[in-house]
Amino acid sequence: MKTEDAEERKEKKKSEFSTDIKSLRFRLTAAFIAFAIVLMGVLWLMQVFSLKSYYQRAIESKTQSGITRLRTAYAASEELDADAFTDALMDIARDSDIYIYIESENGLSAISSTELMSGGRVINGIAFLLDQARQQLLASGGSETSFVQDFGETGKVIIRAAKLEGENREPVRLFIIAPLTPMDTTVSILTGLLFWVTIFSFILGALLAVVFSKSLAAPITDIKNKAKVLATGNYNVHFDDEHSYTEVRELARTLNETAYELERSTELQKDLVANVSHDLRTPLTMIKSYAEMIRDISGDNKEKRDQHLGVIIEETDRLSNLVGDILFISKIQSGTMEMKREPVDIQKAAESVLSVYKVLEDQDGFRFHFEPLAYETPIVTGDEARLQQVFSNLISNAVRYSADVKDITVRFSLDGGRLKCSVIDKGIGIAPEDLESIWNRYQRASKSATRSHASGTGLGLSIAKEILERHGADYGVESEVGKGSIFWFTIKAKFIVDSNIT
Ligand code: ADP
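The paragraphs below set out a description of the structure included in this document. (Residues numbered from 1 in each chain as written. Predicted model: local features only at pLDDT ≥ 70, side-chain atom pairs only at ≥ 80, totals over all residues. Heavy atoms only, no water.)

**Some thoughts on the overall build of the chain**
The condition is simple: Numbering of helices and strands runs from the N terminus, with a helix taken as a DSSP run of H or I at least four residues long and a strand as a DSSP run of E at least two residues long. Working definition: with a 1.4 Å probe on protein chains only, accessible area under 20% of the residue-type maximum means buried, over 50% means exposed, and in between means partly exposed. Residue contacts are defined here by distance: any two heavy atoms, one from each residue, within 4.5 Å place the two residues in contact.
When helices and strands are counted, the chain shows 11 helices and 13 strands. For the chain, with 502 residues in total, the buried portion stands at 35%. Taking all contacts inside the chain whose residues are at least 6 apart in sequence as the whole, residues at least 24 apart take part in 66%.

**Side note on the packing of helix 7 (residues 302–333) against helix 11 (residues 460–470)**
What counts, and what does not: For every element, the axis is a line fit to its C-alpha atoms; helices are fit only across the contacting stretch, and the angle between N-to-C directions ranges from 0 to 180 degrees. By the definition adopted for this analysis, an angle is roughly parallel if under 35 degrees, roughly antiparallel if over 145, roughly perpendicular if from 65 to 115, and oblique otherwise. For a crossing to be left-handed, the near helix must be turned anticlockwise from the far one by less than a right angle; the clockwise case is right-handed.
Contact pair helix 7 / helix 11: the axes reach a minimum separation of 10 Å and the direction vectors enclose 30°. When the axis of helix 7 is compared with that of helix 11, the two are roughly parallel. When the axes of helix 7 and helix 11 are compared, the crossing they make is left-handed. Across the interface between the two elements, D325, F328, I329, I332 and Q333 from helix 7 touch S462, I463, E466, I467 and R470 from helix 11.

**Observations concerning the site of the ligand**
Quick reminder of the rule: Only a single heavy atom is needed: when it lies within 4 Å of a molecule or strand, its residue is near that molecule or strand. For the purposes of these results, a polar contact is taken to be a pair of N or O atoms within 3.5 Å, where, inside protein, one atom must be able to donate a hydrogen and its partner to accept one; residues adjacent in sequence count only when each atom of the pair is a side-chain atom. The method behind every accessible area is Shrake-Rupley, applied with a 1.4 Å probe, and residues are considered shielded solely by the protein chains displayed. Each residue gets one of three labels, nonpolar for Ala, Val, Leu, Ile, Met, Phe, Trp, Tyr, Cys and Pro, charged for Asp, Glu, Lys and Arg, and polar for the others, Gly among them.
In the vicinity of the ligand there are 18 residues, among which N397, Y401, D425, G458 and L461 approach most closely. Side-chain polar atom of D425 to a nitrogen atom of the ligand: 2.9 Å apart, as the coordinates give it. In the complex, 96% of the free accessible area of the ligand, which totals 530 Å², lies under the protein chains. Among the secondary structure elements, those contributing two or more residues to the shell around the ligand are helix 10 (384–400), helix 11 and strand 12 (484–491). The element that contributes the greatest number of residues to the shell around the ligand is helix 10, accounting for 3 residues. Across the shell around the ligand, the residue classes break down as 7 nonpolar, 8 polar and 3 charged.

**Focus: the nonpolar core**
Formally: Grouping buried Ala, Val, Leu, Ile, Met, Phe, Trp, Tyr and Cys residues that are joined through side-chain atoms within 4.5 Å yields what is termed a nonpolar core. An automatic or database domain assignment provides the domain bounds reported here.
Among the nonpolar cores identified, the biggest contains 46 residues, and I346, F368, F391, I395, F412, L419 and F489 are the most heavily contacted of them. Among the secondary structure elements, those contributing two or more residues to this core are helix 7, helix 8 (346–357), helix 10, strand 9 (407–415), strand 10 (418–425), helix 11 and strand 12. Per-element tally for this core: the top contributor is helix 10, with 7 residues. Domain assignment of the residues forming this core places at least three in each of domain 2 (246–333) and domain 3 (338–497). Those residues in contact with I346 that lie beyond four places of it in its chain are P378, V380, L387, F391, F412, L419, C421 and F489.

**Structural notes on the packing of aromatic side chains**
As a reminder of what qualifies: Note on aromatic pairs: the rings of Phe, Tyr and Trp (six-membered ring only in Trp) are paired at centre separations within 6.5 Å, and the planes decide the class, stacked below 30 degrees, edge-to-face beyond 60, tilted for the rest. For a ring to carry a charge above it, either NZ of a lysine or CZ of an arginine must fall within 6 Å of the ring centroid while also lying within 35 degrees of the normal to the ring plane.
Overall, the coordinates contain 10 aromatic pairs when judged by the stated rule. Consider the rings of Y101 and F175, whose centres lie 6.2 Å apart with planes at 40°: the pair is tilted. Within this pair, whereas Y101 is found in strand 1 (residues 99–104), its partner F175 is found in strand 5 (residues 169–180), the two being separated by 74 residues in sequence. By relative accessible area, which is 16% here, Y101 ends up buried. What makes F175 buried here is its relative accessible area of 0%. Centre to centre, the rings of W439 and F487 are 5.8 Å apart; their planes meet at 65°, and the pair counts as edge-to-face. Remark: F487 occurs in strand 12 and W439 occurs in the loop between strand 10 and helix 11; sequence separation between them is 48 residues. Overall, the relative accessible area of 7% leaves W439 in the buried class. Members of the aromatic cluster, joined through ring pairs, are F370, F391, F412 and F489. One Lys or Arg, K420, reaches over the ring of W488 and ends 5.1 Å from the middle of that ring.

Function cannot be inferred from these measures alone, as they are strictly geometric.
What follows is the structure, given as structure tokens:
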């Protein structure tokens, strides 16, 4: 035993330290690291492959927007204010770090942004570039042209030329020259920086992964351990439902409810067994006692023997009814009982049950009243035999719990579009505190519900309730001690107007 324990502990320790690749902690850490790798990879790729072309595209778009702005300025103004135009030109040149040159078509007058930016580095051969651009513009015959001049070591230059036109003014030629700084130094600086960023993000990613996975896995592990305790049949566990993660909180709440339901159902089961065995024992004791009496006392006395045998037969019937009811209820509760879904003339079904009891009118002075709907025949969808069983249970209760006034009515009425069926007696009534528990003889109310009449199995209302619930019916009871009870249920029905109404 001891060695087994030690083995188990060893196993546990081993599993704590070995990596479970399916665990949340492992997966989360892996996901974080994978994310960092992908992110860094994308950054490296971007730097290696697209930084240079991105830079060139950005400068190109700068020159393009310079041209557009100046073209608009030249074309738009009513009176061309030369000073304002030059100021705008200078602003654009300074802001975008480009060189701008404008000349009249005859080449006689020109404006130039004097500085060539990019750290004051002057590009040699501006005149040469301008000349080349001028010729290209003239040759193309269009309004715009551009090209890139490569100066080798010193870098590249983007040249863009355009013809600007405006109403009532002479067309001019615009040249924009933008230097492309060589990117190699920049790339190598960035590479160094990116290396450290990569290292940093790996460490950060791993740290975050550990922190997150711990804070996520810890409550789940806690829940798992408690659920294990629950599985051993100890329902006294409480899952922490105050956690900050909504999902964990909801899981804990659901498990708390499960634990509560399990505890309740175990208790109900215990109650059920206790009640059933008690109820089985009573008739068995009677049968045994009367059988002994026949053996020892009344064996030769025919009259007494018959009387005693009568009790035995009665008790056997009760026993068999009880067993039948228990089987019925367990079947219906476990969902293994088939319920038909057919159209049922429920008034007719109830009337036929009531007719069985008519014999009691002469025998015991009962009065039975049947009050169907006045002008319609209600048709419900359901199982006729089961619905008859409901009426039978309610009517037999009304009979059994009647006292001096033996008046019983089965009434049908309309209740907000549904059909209401009531079984009304003027019998002993039910105490208010028992009104709810009587429907659950072998459940919650089993302790408080007292069997006031020996011939019942104590399951009649539980069975009626189960059948009614399976038919989607609402049910209830109104009662006053000493005055009588109304057991009712409402059910969905189709109403067929009776044809013999004139
Ligand atoms: P049983 O009648 O066999 O005890 P039921 O499930 O049919 O079992 O009824 C449960 C309890 O409800 C009864 O024991 C009785 O106390 C009470 N009860 C049922 N119907 C009536 C009624 N019509 N009048 C008074 N009490 C009733």
